[in-house]
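Geometric and topological summary
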Amino acid sequence: MRLKNFKIKHNLLDFTLADIQNETFEVTKESLVAYWKFIELSDKINQGNYSINNISAVSDSIAFFNVCNAILSYQSCYDYFLQILLFGFGFNSDFHTSKEYRKLIKDECRLSTFDHKEIDGIKEQIKIDSQFTKDLNLFSLSNEEFCKFYSQFKNYYDFRNHNKYGIAEWANCIKHQGGFITEELYNSHRSHNLLFQSADSSESFSSEAIYAHLPSISEILTRLFWQNEKIVEISNWLYETFYPIRKIEAFHTYYLPKDKIMLTKNGTEQDK
């Protein structure tokens, strides 16, 4: 199976000059950031592809390095999808400096956050919708075309957790808890495996239990090829949505911040 690439089809500056002259397009910080996110997305896909093409290395450890890099590269593409959505539709708060921009990326570009709730006198951490998600849902209720777009976006975005081809859990283990290793590399370390029995010998713990995931290189490649297919499909879909879609009156955003414009089904702009 041949890996696909996502290529930027236009230079934003060339793309917008005529529109600016015709007064049909306004270049904002948000639209510029969204465009650069597409460039970073393209680079990240290429990085993942390069790692996949070099997985068949001379040693299990080098192969494992490329496996991890490919998984993390592809998983980060889903973060770029969110950033493109945040800035492309102007759901972000305003920013004027690099420091404000970095804080915004960290704090606002997430679909969920955590809060603490007291249950039976014990404080527990619970996951709740972020402000970004609340804004997306609210906008979906007020705009039919965006509702269709967002529904499709969520279907695409959920592929990172696909029960058969998802990589989100693998990526999370690699980045945080550990517990991910290829079957081939684990087998080369079997001489270090130890078994601990409980006092009554009813239960046991072995070093194998440290690893929640022991996929083979073959299984990993299958997932990564499917992820490549879907990620490039999503990337092209998003790009076609944000740029050539200007020609479709039913969905004309003008890239103005959401507090200055409200999208309507016929594509006209109305100040709030």
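1. Focus on the overall build of the protein chain
- Each helix and strand in the protein chain was counted, giving nine helices and six strands.
- Taken over 272 residues, the protein chain has a buried fraction of 43%.
- Total accessible area computed for the protein chain in this model is approximately 15800 Å², and 51% of it derives from carbon and sulfur atoms.

2. Details of the packing of helix 3 (residues 60-88) against helix 9 (residues 217-242)
- For the pair helix 3 and helix 9, the least separation of the axes is 10 Å and the interaxial angle reads 20°. The angle between the axes of helix 3 and helix 9 places the two elements in the roughly parallel class. At the point where helix 3 passes helix 9, the crossing takes the left-handed sense. Mapping the contact onto sequence places Val 67, Ala 70, Ile 71, Tyr 74, Cys 77, Tyr 78, Phe 81, Ile 84 and Gly 88 in helix 3 and Ile 217, Ile 220, Leu 224, Gln 227, Asn 228, Ile 231, Ile 234, Ser 235, Leu 238 and Phe 242 in helix 9.

3. Topic: the packing of aromatic side chains
- Counted under the stated rule, the structure contains 27 aromatic pairs.
- Centroid distance Phe 89 to Phe 146: 5.0 Å. Interplanar angle 85°. Geometry classified as edge-to-face. Taken together, the positions of Phe 89 in the loop between helix 3 and helix 4 (98-108) and Phe 146 in helix 6 (residues 144-157) put the pair 57 residues apart, joining distant regions of the chain.
- With relative accessibility at 7%, the residue Phe 89 sits in the buried group.
- Taking the centre distance of 5.8 Å and the plane angle of 50° together, the rings of Phe 95 and Tyr 101 count as tilted. The burial state of Phe 95 is the same as that of Tyr 101; both residues are buried.
- The ring of Phe 95 has Lys 29 lying over it, and the distance from NZ or CZ to the ring centre is 5.3 Å.

4. Thoughts on the pattern of salt bridges
- Using the criterion set out here, one finds nine salt bridges in the structure.
- Lys 29 is the partner of Asp 94 in a salt bridge, and the nearest nitrogen-oxygen pair spans 3.4 Å. Of this pair, Asp 94 sits in the loop between helix 3 and helix 4 while Lys 29 sits in helix 2 (residues 29-53), placing them 65 residues apart in sequence.
- Between Arg 160 and Asp 158 there is a salt bridge; the shortest N-O distance is 3.9 Å.
- Exposure remark for Arg 160: the relative accessible area of 17% places this residue in the buried category.
- Here Asp 158 falls in the partly exposed class, since its relative accessible area comes to 46%.
- When salt bridges with common partners are traced through the structure, they connect Glu 144, Glu 145 and Lys 148 into a single cluster.

5. Details of the packing of helix 2 against helix 9
- The interhelical angle for the contact between helix 2 and helix 9, taken along N-to-C directions, is 165°, at an axis separation of 11 Å. It follows that helix 2 is roughly antiparallel to helix 9 by the angle criterion. Handedness of the crossing formed by helix 2 with helix 9: left-handed. On helix 9, the residues touching Tyr 35, Phe 38, Leu 41, Ile 45, Asn 49 and Ile 52 of helix 2 are Leu 221, Leu 224, Phe 225, Asn 228, Ile 231, Val 232, Ser 235, Leu 238, Tyr 239 and Phe 242.
- Per-class residue counts for the contact of helix 2 with helix 9 are 13 nonpolar, three polar and no charged.

6. Let's talk about the pairing of strand 1 (residues 112-119)
- As judged from the eight bridges shared by strand 1 and strand 2 (residues 122-129), these two strands associate in the antiparallel manner. Within strand 2, the residue paired with Ile 119 across the bridge is Ile 122.
- Hairpin connection from strand 1 to strand 2: two residues lie between these consecutive antiparallel strands, with Asp 120 at a positive phi of about 55°.

7. Description of the environment of Asn 49
- If you trace the backbone, Asn 49 turns up in helix 2.
- On the basis of relative accessibility, which here comes to 5%, the residue Asn 49 falls in the buried class.
- Along the backbone, Asn 49 and Leu 224 are 175 residues apart, and their C-alpha atoms lie at a distance of 9.1 Å.
- Beyond its immediate chain neighbours, meaning those up to four positions away, Asn 49 contacts Leu 3, Lys 4, Asn 5, Tyr 74 and Asn 228.
- At 2.9 Å, the side chain of Asn 49 and the side chain of Asn 5 are in polar contact.
- One polar contact links Asn 49 to Asn 228, side chain to side chain, over a distance of 3.0 Å.

8. Thoughts on the layout of surface pockets
- Taken as a whole, the largest pocket encloses approximately 680 Å³ of empty space.
- Lining of the largest pocket is provided by 22 residues; of these, Asp 79, Leu 82, Arg 110, Leu 111 and Tyr 157 occupy positions nearest its centre.
- Every element with two or more residues in the lining of the largest pocket is listed here: helix 3, helix 4, strand 1, helix 5 (131-142) and helix 6.
- In the lining of the largest pocket, the residues fall into nine nonpolar, six polar and seven charged.

The rules we used
- Counting restarts for each chain: residues are numbered from 1 in the order of the written sequence.
- Totals for whole chains, interfaces and linings use all residues, but because this is a predicted model, local features are given only for residues with pLDDT of at least 70 and pairs of side-chain atoms are given and counted only at 80 or more.
- Note that the side-chain values use all heavy atoms of the structure and ignore hydrogens as well as water.
- We count a stretch as a helix when DSSP gives it H or I for four or more residues in a row; a strand needs E for two or more, and each element gets its number in order from the N terminus.
- The rule is simple: take the accessible area with a 1.4 Å probe, protein chains only, and divide by the maximum for that residue type; under 20% is buried, over 50% is exposed, in between is partly exposed.
- Only the protein chains shown count as covering a residue, and every accessible area follows the Shrake-Rupley method with a 1.4 Å probe.
- Only C-alpha atoms enter the line fits that serve as axes; for helices the fit covers just the stretch in contact. Angles between N-to-C directions range over 0 to 180 degrees.
- Working rule for angles: under 35 degrees goes down as roughly parallel, over 145 as roughly antiparallel, 65 to 115 as roughly perpendicular, anything else as oblique.
- Rotating anticlockwise by less than a right angle from the far helix to the near helix defines a left-handed crossing, while the corresponding clockwise rotation defines a right-handed one.
- For this analysis, residues touch if any pair of their heavy atoms sits within 4.5 Å.
- When two rings of Phe, Tyr or Trp (its six-membered ring) have centres within 6.5 Å they constitute a pair, described as stacked for plane angles under 30 degrees, edge-to-face for angles over 60, and tilted for the intermediate range.
- Any Lys NZ or Arg CZ found within 6 Å of a ring centre and within 35 degrees of that ring's normal is scored as a charge over the ring.
- When a carboxyl oxygen of Asp or Glu is within 4 Å of a side-chain nitrogen of Lys or Arg, the pair counts as a salt bridge.
- Residues are grouped as follows: Ala, Val, Leu, Ile, Met, Phe, Trp, Tyr, Cys and Pro are nonpolar; Asp, Glu, Lys and Arg are charged; all remaining types, including Gly, are polar.
- Only when DSSP finds a minimum of two bridges between them are two strands counted as paired.
- In the analysis that follows, any N or O atom pair within 3.5 Å is treated as a polar contact, provided that within protein one partner can donate a hydrogen and the other can accept it, and provided that, for residues neighboring in sequence, both atoms belong to side chains.
- Buriedness for pockets is judged along seven lines, at least five of which must meet protein on both sides within 12 Å for an open set on the 1 Å grid over protein atoms alone, while cavities are sets there where a 1.4 Å probe fits but cannot get out, and lining residues have an atom within 4 Å of a point.
- Grid points are joined across faces, edges and corners, and a volume is the space filled by probe spheres set on the points.

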